[in-house]
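Residue-level structure breakdown
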Amino acid sequence: MQRKFLRNIPQKNRVTVPPQFQSLADATGTIDYCFTNDYMFRAILQENSEVLTALVCSLLHLDSSEITSVIITNPIVLGEHIDDKDFILDIAILLNHNASINLEMQVANYMNWEERSLCYLCRSYDQLNAGQDYREVKPAFQIGFLNFTLFPEHPEFYATYKLLNVKNHHLYSDKFTLGVVDLTQIDLATEEDKDWGIDYWAKLFKAKTWEELRVIAKKNDELREASEALYVMNADQMIRERCRAREDYYRIQNTMNHKLEKVTAEKEELISEKEKLSSENRNLSSKVESLSSEITALTSEIEELKELLLEHGISK
């Protein structure tokens, strides 16, 4: 299987691999670029239709016999330079010429996945050409593999969201579906998730060492093929450069996010202090007003007392 992949990689682009690690079976130690690298994720699924098909079957609960075609409609030229600031490595798929699927690996939490995923899904759903009947619109699926928990108060391994009536939960349409695979919550996989092997795909994507990868790959042929592809892609110099560029980009983004979080926290603290001072000032002003009222009342009482003394012939 590995030779099949290696034929597609020019010799000049390959990394020099130590003789004792010339195959996945011999590889040891940490994997340089795992599936959680979005460029690696894209490269392997684009170049291996069997792996892509098997993954789609697991996610959508389909038998392989139900698949007639899986076409990536936004292919990229692997190894070419990309603009990390603008390049988004989502995978747009046309399934059986009848359904649009968007897959994406997202390891960094920019606190906007809800809105971002909805934009992806809406773009996939808005596919009709002029003159087509609305009933011809194809089902659209947006599935994100997240390395963080989207809703910490509601942790779930594989969540599916559809348009439902908020009162009776009646399904509005079965053509508009959002899916979230939380790679940090594999332990929460349900029996249904396990029956369809989604937990094994998640474990494969999370694997950090070649030893761990080989254990997972024993589950089935598709996982083995994906593992072989990962090994070979890690030996392609151009792929490695693009993967490294993506990691550098996310590293810079994370640094910026940490700084932004720090500045935001400091800003919120200042606002809180300002509100506290404002509250204290309001309380002080209220006390001053109250004291002024008491002084006014006391002054009035004194004047009344003076008048009473004068009436009784008592001068000051």
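Scroll up to find the structure this text is about.
Residues numbered from 1 in each chain as written. Predicted model: local features only at pLDDT ≥ 70, side-chain atom pairs only at ≥ 80, totals over all residues. Heavy atoms only, no water.

With that out of the way, let us pick up the overall build of the protein. The secondary structure content of the protein amounts to 9 helices and 6 strands. Classification of the 316 residues of the protein by burial places 40% in the buried group. Of the contacts formed within the protein by residues at least 6 apart in sequence, a portion of 70% connects residues at least 24 apart. Counting every atom, the protein has about 19400 Å² of accessible surface; 53% of that belongs to carbon and sulfur. (Helix = DSSP H or I, 4+ residues; strand = E, 2+ residues; numbered from the N terminus. Buried < 20%, exposed > 50% of the residue type's maximum accessible area, 1.4 Å probe, protein only. Contact = heavy atoms within 4.5 Å. Areas by Shrake-Rupley, 256 points an atom, 1.4 Å probe, with all protein chains shown as cover.)

For the rest of this paragraph, the subject is helix α8 (residues 221–233). Residues that lie three or four places apart on an α-helix share one face, since the helix turns once every 3.6 residues. Compared with an ideal rise of 1.5 Å per residue, which puts 13 residues at 18 Å, α8 spans 18 Å between its outermost C-alpha atoms and is within 8% of the ideal. Burial analysis of α8 places 10 of its 13 residues in the buried class, the great majority of the element. Considered for burial, the residues of α8 that qualify are L223, E225, A226, S227, E228, A229, L230, Y231, V232 and M233. The opening residue of α8 is N220, an N-cap whose side-chain oxygen sits 3.1 Å from the backbone nitrogen of E222. (Expected span 1.5 Å × (residues − 1). Polar contact = N/O pair within 3.5 Å; in protein donor to acceptor, adjacent residues only side chain to side chain.)

A contiguous nonpolar surface patch, about 250 Å² in accessible area, is contributed by L305, L308 and L309. With respect to the helices and strands, the residue L309 is situated in helix α9 (residues 237–311). (Patch = residues over 30% accessible without salt bridge, like charges linked within 9 Å, V, L, I, M, F, W, Y side chains within 5 Å. Salt bridge = Lys/Arg side-chain N within 4 Å of Asp/Glu carboxyl O.)

Attention now goes to the packing of aromatic side chains. Taken as a whole, this structure holds 10 aromatic pairs when the rule is applied. Through pairs of rings, three or more aromatic residues link up here, namely F35, F41, F145, W201 and F205. A cation over a ring is seen here: K203 above Y200, with NZ or CZ 5.0 Å from the ring centre. (Phe/Tyr/Trp six-rings, centres within 6.5 Å; stacked < 30°, edge-to-face > 60°. Lys NZ or Arg CZ within 6 Å of the ring centre and 35° of its normal.)

When two helices pack together, you describe them by how their axes are tilted relative to each other and by the distance separating the axes. It is at 9 Å that the axes of helix α3 (residues 49–60) and helix α6 (residues 198–206) come closest, and there the two elements cross at 130°. Regarding the angle of α3 to α6, the classification is oblique. In this structure, α3 contributes V51, A54, L55, S58 and L59 to the contact, and α6 contributes I198, W201 and F205. Residue composition of the contact of α3 with α6, grouped by class: 7 nonpolar, 1 polar and no charged. (Axes fitted to C-alpha atoms, helices over the stretch in contact; angles between N-to-C directions. Parallel < 35°, antiparallel > 145°, perpendicular 65-115°, else oblique. Nonpolar A, V, L, I, M, F, W, Y, C, P; charged D, E, K, R; others polar.)

Attention now goes to the nonpolar core. Nonpolar side chains in soluble globular proteins generally cluster together in the buried interior. L59, L103, F145, W201, L204, F205 and L213 are the most contacted members of the largest nonpolar core, which totals 59 residues. The biggest single contributor to this core is α3, with 8 residues. Residues within four places of L59 in sequence aside, it is in contact with L103, I143, F145, Y158, V181 and I198. (Core = buried A, V, L, I, M, F, W, Y, C linked by side-chain atoms within 4.5 Å.)

Taken together, the side chains of E266, E269, E273 and E280 make up a negatively charged region of the molecular surface. Positionally, E266 belongs in helix α9. We classify E266 as partly exposed; its relative accessible area is 41%. (Lys, Arg positive; Asp, Glu negative; His and termini not counted. Charge placed at Lys NZ, Arg CZ, Asp CG, Glu CD.)

The next subject is the pattern of salt bridges. All told, the structure shown has 8 salt bridges when counted by the stated rule. Note that D221 and R224 form a salt bridge whose closest N and O atoms lie 2.0 Å from each other. Of this pair, D221 and R224 both sit in helix α8, 3 residues apart, which is roughly one turn of the helix. The exposure class assigned to D221 is partly exposed, which follows from its relative accessible area of 48%. With a relative accessible area of 33%, R224 lands in the partly exposed category.

Orientation of helix α7 (residues 210–217) relative to α8, taken along the N-to-C sense of each, is 155°, at an axis distance of 8 Å. One way to sum up the angle between α7 and α8 is to call them roughly antiparallel. Note on element contacts: α8 touches α7 through L223, R224, S227, L230 and Y231, opposite W210, L213, I216 and A217. Tallied by class, residues from the contact of α7 with α8 come to 7 nonpolar, 1 polar and 1 charged.

With that settled, the discussion passes to the sheet that holds strand β6 (residues 171–182). Sheet strands line up and pair through hydrogen bonds in the backbone, either parallel or antiparallel. Strand order in the open sheet made by the 6 strands is β1-β2-β3-β4-β6-β5, with mixed pairing throughout. Looking at strand neighbours, the two that pair on one side only are β1 (70–72) and β5 (158–164), the edges of this open sheet. Strand-to-strand twist of the sheet, defined as the mean angle between neighbouring strand axes without regard to direction, takes the value 20°. Of the strands in this sheet, β1, β2 (91–95), β3 (99–106) and β4 (140–146) are in contact with helix α2 (residues 38–47), which crosses β3 at around 145°. (Pairing = 2+ DSSP bridges.)

This brings us to the pairing of β4. In terms of burial, β4 is a largely internal element, 7 of the 7 residues being buried. Side-chain alternation along β4 places A140, Q142, G144 and L146 on one buried face and F141, I143 and F145 on a second face that is also buried. Note: β3 against β4, 7 bridges, orientation parallel. In the strand pairing of β4, I101 is matched with F141. Once the chain exits β3 it traverses helix α4 (residues 113–125) before rejoining the sheet at β4, and the crossover so formed is right-handed. The pairing of β4 with β6 spans 7 bridges and is parallel. Paired with L146 across the strands is D182, a residue of β6. (Right-handed = clockwise from strand over helix to strand, strands pointing away.)

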